[in-house]
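# Fold and contact review
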Amino acid sequence: MLGRTLREVSAALKQGQITPTELCQKCLSLIKKTKFLNAYITVSEEVALKQAEESEKRYKKGHSLGDLDGIPIAVKDNFSTSGIETTCASNMLKGYVPPYNATVVQKLLDQGAVLMGKTNLDEFAMGSGSTDGVFGPVKNPWSYSKQYREKTKHKAHGENEDSNWLITGGSSGGSAAAVATFTCFAALGSDTGGSTRNPAAHCGVVGFKPSYGLVSRHGLIPLVNSMDVPGILTRCVDDAAIVLGMLAGHDPKDSTTVQDPVKPFTLPSLTDVSKLCIGIPKEYLTPELSSEVQSLWSKAANLFESEGAKVIEVSLPHTSYSIVCYHVLCTSEVASNMARFDGLEYGHRCDIDVSTEAMYAATRREGFNDVVRGRILSGNFFLLKENYENYFIKAQKVRRLIANDFVNVFNSGVDVLLTPTTLREAVPYQEFIKEDNRTRSAQDDIFTQAVNMAGLPAVSVPVALSNQGLPVGLQFIGRAFHDQQLLTVAKWFEKQVQFPVTQLQELMDDCSSVFEIEKLASVNFC
Amino acid sequence: MAAPMLRGCCLARRGALACIDGGSRHGRGAAIGCRSSGKRGRSSVAQQPLITAQKSGKGEHAWAAVVGLEIHAQISSNSKLFSGSQVQFAAPPNSLVSFFDASLPGTLPVLNRRCVEAAVMTGLALKCHINKKSLFDRKHYFYADLPAGYQITQQRLPIAVNGSLEYSVCVGKKRSQVITRTARIKQIQLEQDSGKSLHDELRSQTLIDLNRAEGQLRVDANISVHHPGEPLGVRTEVKNLNSARFLARAIDSEIERQINELENGREILNETRSFDCKLGCTIPMRDKEGKQDYRFMPEPNLPPLLLYDTASLPPGADPQQVINIDRIREQLPELPSETREQLVQQYGMLPEHSFTILNEVGLLEFFQNVIKETRAEPKKVTSWILNNFLGFLKQQNLAVNESPVTPSALAELLNLLDRKAISSSAAKQVFEELWRSKGKTPSQIVSEKQLELMQDGEALNQVCLAVMEEHPQVVLAMKRGNPRAINKLIGLVRKATLSRADPTVIKEILEKKLSS
């Protein structure tokens, strides 16, 4: 049952094939078995069981709240959850229990969703590996999959297998791992420069970043307010659309959300792509792109072409300036957003009390890791009066040029862009940490962050396994607020590629029942 | 966190920044604070040009001073600038704090429409250009009562710019000559108020109240002096002046200090100072507040603030979603300068009296209500209100609306006086009685105390005769030409009639008798 998609399990609940409590217990038991992956920071077992019980009562009375009623979900630990610790994987917020729910969390709960827990991330979502949080790195479940193990057996032999695990990507690695290991049917991530799409690609799940302004940020502890968007991680595109339908729309508590009402929708199943125009940005063909990913990207383009779509090469000329520009804007907002963590009102406070200033300094030194402190320092440098024009203002201008690149391409008749999500498949942790967080972020966000600067919707869809048996994702980018069109194209593509399900039997042989529906799941990609 | 504040910047003579800070905290609750600050706010601006005319002690070079004010004033609104929490005077500490006010992670600002309207209205009243698009910025500094580590304000593109305020100054020995001055308004911006720090020196603790600062006016004054015709001098900023009286004193003393420093060959440092009201002079501030780099940055959580006029209003726009400048202009009340002009024109009031009438909350309405119900001359009414009525209020520290004397009662009293039913000294007695015994009408008091004037001419004649007989030496002095003697007689007659006789009638009778 757990391997099913959200829509399938929702149908099963409605038909009484399983009760919300049974479903919740199965997920909880799987969470325990996969604890070593470190996907969850907090497992809200009690809350989840209570919510499941209430859901069960509703089903019994025939008053189900809809598709999400009784569905186990997980939420990245940078969304405020009332009464449940929200840490951002930082010492600074250890023990901080928000008194309110983020709007997106509240909307899910209002639909009857069952909150399994809060998922792991890089501290304050700053990173691309989910390796830099105070609770330790998240391990990619594919490290333990049959597919990967078989391919790497000869290499891994003799080495300590346990040290060879792979990163999930990040910063929403916990959410991606939670969805990939079937411990929930959908998870919230956040996406500022690719933080939802990147781990989705590495963990073989769908990672959707909605248009900026479509989904409320109220309650999402910010990284970069002007780029942050709540992201959705699911096992198929249809599920992402269901969740988006529940979350989208104006929020009086977030002035940057759209005013127009958004109605829930069902994605149509495309049968004909001949009217579609797919753009392939030539600047995304970088030397760092692995040949395998490049080849899958070409195959995908060919697939569209062979089915009658118009596939054209397009240019986004300012792409190469994007990552530097992103760095300036990101760190500047980070410097500002992190100013509130001063130890006075909530979160960590040091023992030093000689003066308020000394207390601030020590609290922040103890509370933030090097990555966060480094970004605060850079950001404050860029915002200094003497530097503001040269850095911040310039970066804003470049941001405009980058956004205009997309506008021009879409105005030329392109419906969606097709790009890689990441340069290559997930790498082993030991490999990943050879470079520092900043270098890694710059490399890993390369195909994703420009979308955030332009506020566009984008989705990473798992396409195939690499030679190593690891998932590779491709990214579709849509016009602003054409999220539905984007997902429709992604859904068609997903159906064509028939991405395989993770085979984790070896890892968890005692819960083989969980995975006996493996076939079902792959059938259900349509 | 966000008591709505308007911040205005105005330049007196050459450079005042008048910032009106839109503090939201208490609406009208602040009767006393508002009244005094409102009044003095105006006068303090008016004083600056006078100060600038100061001369050096040696009299060789004249000194000119340039004063710029940054004025923080709280907006009278029910909720805060960026949150739904209430604004209320004297609420218990931290009782009106939303999650946003407490800067909990993940909370976002939501602009309060009422505050925007108040800012537009203020801009219109101060003849500003209203920017149809304005922006919000973050101003960063670490301080315990600033929980977000930044304050949301309008640094780059404020809601209103380039206005002016005309005001009048009373000069001359009797302050009876009124001259008009103009202060230029550089900009008006909406700004979130910080919290309030309460320092407990004993325990060396600081307590924070995030209800936000109590809503009085707060002014920072930028001051420099120079010789006319030469470049402007180095300026200092005197911060946190919270009453108009202190503002005036601080400016005076700072100008004096700067002139003194320069004349003794010293330099003026570009620094932040505070005003020590006990010492009566400004002193350098210890902290580095003035030297900070505020690292301004656009506020990403608030889209640009767009305003419309009737011409630019998008068709079919929801009136709840848009703000129409023209509609606000229609709601603009008569401005004080217009009202004063009207008083001078209609009632022949002296300009300085028109100021007094308007500067006291509720006094204009009181005046107008008395005028409506009395036949007495407007000048008489003005004189009674300014001399007697206001005097009593001040003495007992009452607001106009707390007065035990109603406009109707005063009108009735003035009517009695006008038809000579009582003497003016009796009228004063009645007035005092009105103050003490609430509920009684002037006529009741007059009859109880038998204060009506003697209308019987013959009886008065008899009293006069009797008094003259009793005081032959005074009569003699009068006949010898002592002009003051008749006043003595009048006084004696009045005393004999228990002040119920009209002195002019007494005088007539006495003169008649003496000349016969």
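Keep in mind the model is a prediction, meaning the values are calculated, not measured.

What follows is about the overall build of chain A. Tallying secondary structure elements over chain A gives 19 helices and 11 strands in all. Relative to the 2.2 N^0.38 estimate, which gives 24 Å for 526 residues, the radius of gyration of chain A is 22 Å and therefore close to what a compact globule would have. With respect to the three principal axes, the spread of C-alpha positions in chain A is 60 × 60 × 55 Å. Taken across its 526 residues, chain A has 63% of its residues classed as buried. Of the contacts formed within chain A by residues at least 6 apart in sequence, a portion of 79% connects residues at least 24 apart. Summing over all exposed atoms, chain A offers an accessible surface of approximately 19000 Å²; the carbon and sulfur share of this is 50%. Each charge sign in chain A was given a centre, from 51 positive and 58 negative side chains, and these centres are 3 Å apart.

Moving on to the interface of chain A and chain B. Taken residue by residue, the interface counts 39 residues in chain A and 30 residues in chain B. Summed over both partners, the interface of chain A with chain B buries about 2800 Å², with 56% contributed by carbon and sulfur atoms. Joining chain A to chain B, the criterion identifies zero salt bridges. Counting across the chain A and chain B interface gives 17 residue pairs in polar contact (both at pLDDT 80 or more). Every element with two or more residues in the side of chain A that touches chain B is listed here: α10 (319–337), α11 (356–367), α12 (370–383) and α13 (385–411) of chain A.

Under the criterion given, the structure shown has 30 aromatic pairs over all chains. Ring plane angle 45° and centroid distance 5.5 Å describe the contact between A:Tyr360 and B:Phe142, whose orientation is recorded as tilted. One end of the pair, A:Tyr360, is in helix α11; the other, B:Phe142, is in the loop between β6 (137–140) and β7 (150–153), on a second chain. Seen in terms of ring centroids, A:Phe382 and A:Tyr391 are 4.9 Å apart; in terms of plane orientation they differ by 40°. Their pairing is tilted. Overall, A:Tyr391 belongs to the partly exposed group, its relative accessible area being 32%. Linked through ring pairs, B:Phe366, B:Trp384, B:Phe389, B:Phe392, B:Phe431 and B:Trp435 together constitute an aromatic cluster. When the ring centre of B:Tyr294 is taken as origin, the NZ or CZ atom of B:Lys139, which lies over that ring, is 4.4 Å away. One Lys or Arg, B:Arg245, reaches over the ring of B:Phe246 and ends 5.8 Å from the middle of that ring.

Bringing helix α7 (residues 363–373) of chain B into the picture now. Three- or four-residue spacings in an α-helix give side chains the same orientation, since the helix completes a turn every 3.6 residues. All names here are of chain B. Of the residues making up α7, those classed as buried are Leu363, Leu364, Phe366, Phe367, Val370 and Ile371. Buried residues along α7 cover an arc of 160° about the axis, so they all sit on one side. Summarising the geometry of α7, the exposed residues directed more than 90 degrees from the buried face are Glu365 and Lys372. Looking at the packing, one finds that the buried side of α7 touches α5 (336–347), α6 (351–359), α8 (378–396) and α9 (407–418).

All names here are of chain B. Applying the stated criterion to the full structure yields 30 salt bridges over all chains. As a salt-bridge pair, Glu433 and Lys449 come within 3.7 Å of each other at their nearest N and O atoms. Taken together, the residues span a long stretch of sequence, with Glu433 in helix α10 (residues 424–436) and Lys449 in the loop between α11 (442–448) and α12 (457–470) at a distance of 16 residues. In this structure Glu433 comes out as buried when scored by relative accessible area, which is 14%. Given a relative accessible area of 43%, Lys449 falls into the partly exposed group. The structure contains a network of salt bridges with shared partners spanning Glu254, Arg257, Glu271 and Arg273.

For any two helices packed against each other, one specifies the inter-axial angle together with the distance between the axes. Residue and element names in this part refer to chain A. The geometry of α12 relative to α13 is characterised by a closest axis approach of 5 Å and an angle of 95° between their N-to-C directions. Viewed along their axes, α12 and α13 adopt a mutual orientation that is roughly perpendicular. Within the contact between the two elements, α12 uses Phe381, Phe382 and Leu383 and α13 uses Lys385, Asn387, Tyr388, Tyr391 and Phe392.

Tracing the sequence through the fold places B:Lys380 in helix α8. Note: C-alpha distance between B:Lys380 and B:Asp418 (38 residues apart in sequence) is 9.3 Å.

A separate point is unusual backbone geometry. Of note, the amide linkage connecting A:Gly170 to A:Ser171 takes the cis form, showing an omega dihedral of 10°. Tracing the backbone shows A:Ser171 in the loop between α5 (146–156) and α6 (173–180). At A:Ser130, a residue that is not glycine, the phi angle is positive and equals roughly 55°. Mapped onto the fold, A:Ser130 is located in the loop between β3 (114–119) and α5. A positive phi angle, near 60°, is found at B:Asn240, a position not held by glycine. Mapping B:Asn240 onto the fold places it in strand β13 (residues 236–241).

Here we take up the UniProt feature "active site" (unreviewed entry) in chain A. All names here are of chain A. With numbering matched to this structure, UniProt assigns "active site" (unreviewed entry) to Lys76, Ser171 and Ser195. For the residues just named, distributed over 120 residues, the greatest C-alpha separation is only 11.0 Å, placing them together at one site. A relative accessible area of 0% places Ser171 in the buried class. In this structure Ser171 touches Lys76, Asn120, Leu121, Asp122, Ala125, Gly127, Ser130 and Ser195, once residues within four positions along its chain are discounted. Within the structure, Ser171 has its side chain in polar contact with the backbone oxygen of Ala125 (distance 3.4 Å). Within the structure, Ser195 has its side chain in polar contact with the side chain of Ser171 (distance 2.9 Å).

Here we come to the UniProt feature "domain: Asn/Gln amidotransferase" (unreviewed entry) in chain B. Here, the residues flagged by UniProt with the feature "domain: Asn/Gln amidotransferase" (unreviewed entry) are residues 365–514 of chain B. Across residues 365–514 of chain B, the secondary structure splits into 71% helix and 0% strand, with the terminal C-alpha atoms separated by 49 Å.

With that out of the way, let us pick up the sheet that holds β3(A). Residue and element names in this part refer to chain A. Taken together, 11 strands build an open sheet; the order of strands is β1-β3-β2-β4-β6-β5-β10-β11-β9-β7-β8 and the sheet is mixed. Lying at the two open borders of the sheet, with one neighbouring strand each, are β1 (40–43) and β8 (310–314). Between one strand axis and the next, the sheet turns through 30° on average, direction left out of account. Helix-sheet contacts for helix α2 (residues 20–33) involve β1, β2 (72–76) and β3, and the interaxial angle to β3 is about 20°. Contacting β1, β2, β3, β4 (186–191) and β6 (229–234), α6 crosses the sheet at an angle of about 155° to β4.

A:Met116, A:Phe124, A:Ile278, A:Phe304, A:Phe406, A:Leu418 and A:Phe476 are the most contacted members of the largest nonpolar core, which totals 154 residues. At nine residues, the largest contribution of residues to this core is made by α13(A). A:Phe304 has contacts with A:Val273, A:Leu276, A:Ile278, A:Ala309, A:Val311, A:Leu418, A:Phe476, A:Val489, A:Trp492 and A:Phe493, leaving out every residue within four places of it along the chain. Counting residues in hydrophobic clusters, the runner-up holds 40 residues, among them B:Ile357, B:Ala409, B:Ala411 and B:Ile445.

Parameters at a glance
- Residues numbered from 1 in each chain as written.
- Chains lettered and ligands numbered in written order.
- Predicted model: local features only at pLDDT ≥ 70, side-chain atom pairs only at ≥ 80, totals over all residues.
- Heavy atoms only, no water.
- Helix = DSSP H or I, 4+ residues; strand = E, 2+ residues; numbered from the N terminus.
- Rg over C-alpha atoms; globule rule 2.2 N^0.38 Å.
- Buried < 20%, exposed > 50% of the residue type's maximum accessible area, 1.4 Å probe, protein only.
- Contact = heavy atoms within 4.5 Å.
- Areas by Shrake-Rupley, 256 points an atom, 1.4 Å probe, with all protein chains shown as cover.
- Lys, Arg positive; Asp, Glu negative; His and termini not counted.
- Charge placed at Lys NZ, Arg CZ, Asp CG, Glu CD.
- Buried area = accessible area lost by both parts, 1.4 Å probe.
- Salt bridge = Lys/Arg side-chain N within 4 Å of Asp/Glu carboxyl O.
- Polar contact = N/O pair within 3.5 Å; in protein donor to acceptor, adjacent residues only side chain to side chain.
- Phe/Tyr/Trp six-rings, centres within 6.5 Å; stacked < 30°, edge-to-face > 60°.
- Lys NZ or Arg CZ within 6 Å of the ring centre and 35° of its normal.
- Arc of directions from axis to C-beta.
- Axes fitted to C-alpha atoms, helices over the stretch in contact; angles between N-to-C directions.
- Parallel < 35°, antiparallel > 145°, perpendicular 65-115°, else oblique.
- UniProt positions renumbered as here; feature names shortened; annotations may be inferred.
- Pairing = 2+ DSSP bridges.
- Core = buried A, V, L, I, M, F, W, Y, C linked by side-chain atoms within 4.5 Å.

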